[in-house]
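Listed below, chain by chain, are the residues.
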Amino acid sequence: EILKDSKVFNIGDNWVWPTILIYEQMKLNKCSKEEIRNFLKESIDKNPQIYELWMKLIDYNIEIKDYDEARNTYYSASKSLLI
């Protein structure tokens, strides 16, 4: 219940690792695939330059065997990340 209402942390905060911890907790609590994906996508939308969040989303899509979404996410990351 608490995780469902969680907001993505502010960009000014050190929010990346807490966001990843919430993601892991959502998986443990068996939140729906869409809830988990939307949470990660919202996090990425806050700052599309966070490589770790892109990789978590790609890895999650592979974990749930949604390979098309994993490829699409990888493609989006390659267009968004400035390396």
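See the structure printed just above.
Residues numbered from 1 in each chain as written. Predicted model: local features only at pLDDT ≥ 70, side-chain atom pairs only at ≥ 80, totals over all residues. Heavy atoms only, no water.

1. What about the nonpolar core?
Grouped together as the largest cluster of nonpolar side chains are 18 residues, with contacts concentrated most on Tyr-23, Ile-36 and Leu-53. Counting only elements with at least two residues in this core, the list comes to helix 1 (16-28), helix 2 (33-46) and helix 3 (51-63). The biggest single contributor to this core is helix 1, with 5 residues. Apart from residues no more than four positions distant in its own chain, Tyr-23 is found in contact with Ile-36, Phe-39, Leu-40, Lys-56, Tyr-60 and Glu-63. (Core = buried A, V, L, I, M, F, W, Y, C linked by side-chain atoms within 4.5 Å. Buried < 20%, exposed > 50% of the residue type's maximum accessible area, 1.4 Å probe, protein only. Helix = DSSP H or I, 4+ residues; strand = E, 2+ residues; numbered from the N terminus. Contact = heavy atoms within 4.5 Å.)

2. Side note on helix 4 (residues 67-80)
Because each turn of an α-helix spans 3.6 residues, side chains separated by three or four positions end up pointing in the same direction. For helix 4, with 14 residues, the first-to-last C-alpha span of 20 Å sits near the 20 Å given by 1.5 Å per residue. Residues Ala-70, Thr-73 and Ala-77 constitute the buried set of helix 4. Relative to the axis of helix 4, the buried residues are bounded by an arc of 65° and lie together on one face. Residues of helix 4 that are exposed and point over 90 degrees away from its buried face: Arg-71, Tyr-75 and Lys-79. (Expected span 1.5 Å × (residues − 1). Arc of directions from axis to C-beta.)

3. A closer look at the side chain of Asn-61
For Asn-61, the position within the fold is in helix 3. Overall, Asn-61 belongs to the buried group, its relative accessible area being 0%. The contacts of Asn-61, once residues within four sequence positions are left out, are Arg-37, Asp-66, Tyr-67, Glu-69, Ala-70 and Thr-73.

4. With respect to helix 3
In a regular helix each residue adds 1.5 Å, so 13 residues correspond to 18 Å; helix 3 covers 18 Å between its end C-alpha atoms and thus fits that length. Within helix 3 the residues assigned to the buried category are Leu-53, Trp-54, Leu-57, Ile-58, Tyr-60 and Asn-61. Viewed end-on, helix 3 has its buried residues packed into an arc of 160°, placing them on one side of the element. For helix 3, the elements touching its buried residues are helix 1, helix 2 and helix 4. Where helix 3 terminates, the next one or two residues include Lys-65, which has phi positive at roughly 65°.

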